[in-house]
Amino acid sequence: MLKPGVRNIAYGASDFEDIRQKNDYYVDKTRFIPVLEQNRYLFFIRPRRFGKSLWASILETYYDIAKKDQFEKFFNGLWVGEHPTEERNSYLILKFNFSAVRADMEWVEQSFEEYGIGVLNWFLRSYTSCFTEDSMREIQEISGFVSRLNRILQTCNKLNLPVYVIIDEYDNFANTILSTAGTQAYHSLTHGEGFFRNFFTVLKEGTSHSGSGLKRLFITGV
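Below is a summary of the structure that appears in this document. Predicted model, so just to flag it, every value in this text is computed and none were measured. The numbering scheme is per chain: residues are counted from 1 as the chain's sequence reads. Thresholds applied to this predicted model are a pLDDT of at least 70 for local features of residues and 80 or more for the giving and counting of side-chain atom pairs; totals over whole chains, interfaces and linings are not thresholded and use all residues. Heavy atoms throughout the structure, all of them, feed into the side-chain values; hydrogens and water do not.

### Describing the sheet that holds strand β3 (residues 163–168)
Just so we agree on the cut-off: Being paired, for any two strands, means DSSP has found at least two bridges between them. Where helices and strands are cited, they refer to DSSP runs of H or I of at least four residues and of E of at least two residues respectively, numbered from the N terminus. The axes used here are C-alpha line fits, helices contributing only the stretch in contact, and every angle between their N-to-C directions lies in the interval 0 to 180 degrees. Contact criterion: two residues are considered in contact whenever any of their non-hydrogen atoms come within 4.5 Å of each other.
As summarised here, the arrangement of the 4 strands in space is β1-β4-β3-β2, forming an open sheet in which the pairing is parallel. The open sheet is flanked by β1 (41–45) and β2 (92–97), the only strands paired with a single partner. Across this sheet, the average inter-strand angle for adjacent strands is 10 degrees, counted without regard to direction. Where β2 meets β3, 6 bridges bridge the pair, whose relative direction is parallel. Among the inter-strand pairings, Ile93 is bridged to a residue of β3, identified as Tyr164. Helix α6 (residues 108–126) rests against β2 and β3 of the sheet, and its axis sits at about 160 degrees to β2. Across the sheet, helix α8 (residues 145–158) touches β2, β3 and β4 (214–221), and the angle it forms with β2 is around 160 degrees.

### Observations regarding the packing of α8 against helix α11 (residues 195–208)
Going by this rule: Throughout this description, any angle smaller than 35 degrees is read as roughly parallel, any larger than 145 degrees as roughly antiparallel, any in the 65 to 115 degree range as roughly perpendicular, and the remainder as oblique. In this classification, Asp, Glu, Lys and Arg are treated as charged, Ala, Val, Leu, Ile, Met, Phe, Trp, Tyr, Cys and Pro as nonpolar, and every other residue, Gly included, as polar.
Between α8 and α11, the least distance of the axes is 10 Å, while the angle of their chain directions is 10 degrees. Taken as axis vectors, α8 and α11 run roughly parallel relative to one another. Residues Phe145, Val146, Leu149, Asn150 and Leu153 of α8 form the contact with α11, whose participating residues are Asn198, Phe199, Val202 and Leu203. Its residues placed into classes, the contact of α8 with α11 shows 7 nonpolar, 2 polar and no charged.

### Remarks on a nonpolar patch on the surface
As a reminder of what qualifies: Each patch groups residues whose relative accessible area exceeds 30% and which form no salt bridge, using 9 Å between like charges and 5 Å between nonpolar side chains of Val, Leu, Ile, Met, Phe, Trp and Tyr. A 1.4 Å probe and the Shrake-Rupley method give the accessible areas. Residues count as covered only by the protein chains that appear here. What makes a salt bridge here is a side-chain nitrogen of Lys or Arg within 4 Å of a carboxyl oxygen of Asp or Glu, nothing more. Between buried and exposed lies partly exposed: a residue is buried under 20% and exposed over 50% of the maximum accessible area for its type, with that area taken using a 1.4 Å probe on protein chains only.
On the surface, Ile9, Tyr25 and Val27 cluster together to form a nonpolar patch covering roughly 340 Å² of accessible area. With respect to the helices and strands, the residue Tyr25 is situated in the loop between α1 (16–21) and α2 (33–36). Taking the relative accessible area as the measure of exposure, Tyr25 reaches 49% and is therefore partly exposed.

### A closer look at helix α3 (residues 52–63)
Heads up, the condition is: Working rule for helices: expected span equals 1.5 Å times residues minus one.
The terminal C-alpha atoms of α3, which comprises 12 residues, lie 17 Å apart, in line with the 16 Å expected from a rise of 1.5 Å per residue. A large share of α3 lies buried, amounting to 11 of its 12 residues. When α3 is considered as a whole, its buried residues turn out to be Lys52, Ser53, Leu54, Trp55, Ala56, Ser57, Ile58, Leu59, Thr61, Tyr62 and Tyr63.

### Observations regarding helix α7 (residues 133–140)
Because each turn of an α-helix spans 3.6 residues, side chains separated by three or four positions end up pointing in the same direction. The following threshold applies: Working note: the arc is built from the helix axis to C-beta atom directions.
Within α7, the full set of buried residues consists of Ser135, Met136 and Ile139. The arc enclosing the buried residues of α7, seen along the axis, measures out at 100 degrees, which places them on a common side.

### Topic: the layout of surface pockets
Rules: Put plainly, a pocket is an open set of points on a 1 Å grid over the protein atoms alone with protein on both sides within 12 Å along at least five of seven lines, a cavity is a set where a 1.4 Å probe fits but cannot get out, and a lining residue has an atom within 4 Å of a point. Grid points are joined across faces, edges and corners, and a volume is the space filled by probe spheres set on the points.
Its volume calculated, the largest pocket comes out at about 980 Å³. Arg49, Phe50, Gly51, Lys52 and Leu54 are, among the 32 residues lining the largest pocket, the residues nearest its centre. Broken down by secondary-structure element, the contributors of at least two residues to the lining of the largest pocket are β1, α3 and β4. Tallying contributions element by element places α3 first for the lining of the largest pocket, with 5 residues. In terms of residue class, the lining of the largest pocket is built from 19 nonpolar, 6 polar and 7 charged. Computed from the structure, the second largest pocket encloses a volume of approximately 340 Å³.

Put into structure tokens, the structure is as follows:
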């Protein structure tokens, strides 16, 4: 049991909001948020246990327009709480964590598809009030994950809804397949017409021109 006044060290914790609500010990690194804003698309590669997932969680809370009224609750006393940027709480957050995808060649494509559709459905439920009934119906009529993602980004651009895509552990299941099934299996995912490559093709298209709702992108991996 902790002594009175001593904070718990939440080792391995990656949920920023939970850490703040429990008043666990947290080393404030929010001063780096303005530095990150200098670039729209970021690829953050670091070793395991480096704090990548926690940082992704911080960005999610900081930029989510749906959590605008909770800014003080989570950032009071932190550097960025005293020095907020103009972009705080101004994005629709679309967050993926690919550690949730099953790393088995027999099931990986189906798992990726089901997980992706689940994330997009959660995104639409979270921001229902931002979309028109017609646009929501048009999006939901598209069944495939990558195709639906592409339509969401196009619709968000049309409705002037800026989207911040956060991808945590982008290489998790791919690296597991590489180590267990070999190079050929890995290449089938990441090269040619592999479904994983198609996903990133949509994101690349979104970063290549102004006709996309994708305004910021942050990716973590090993």
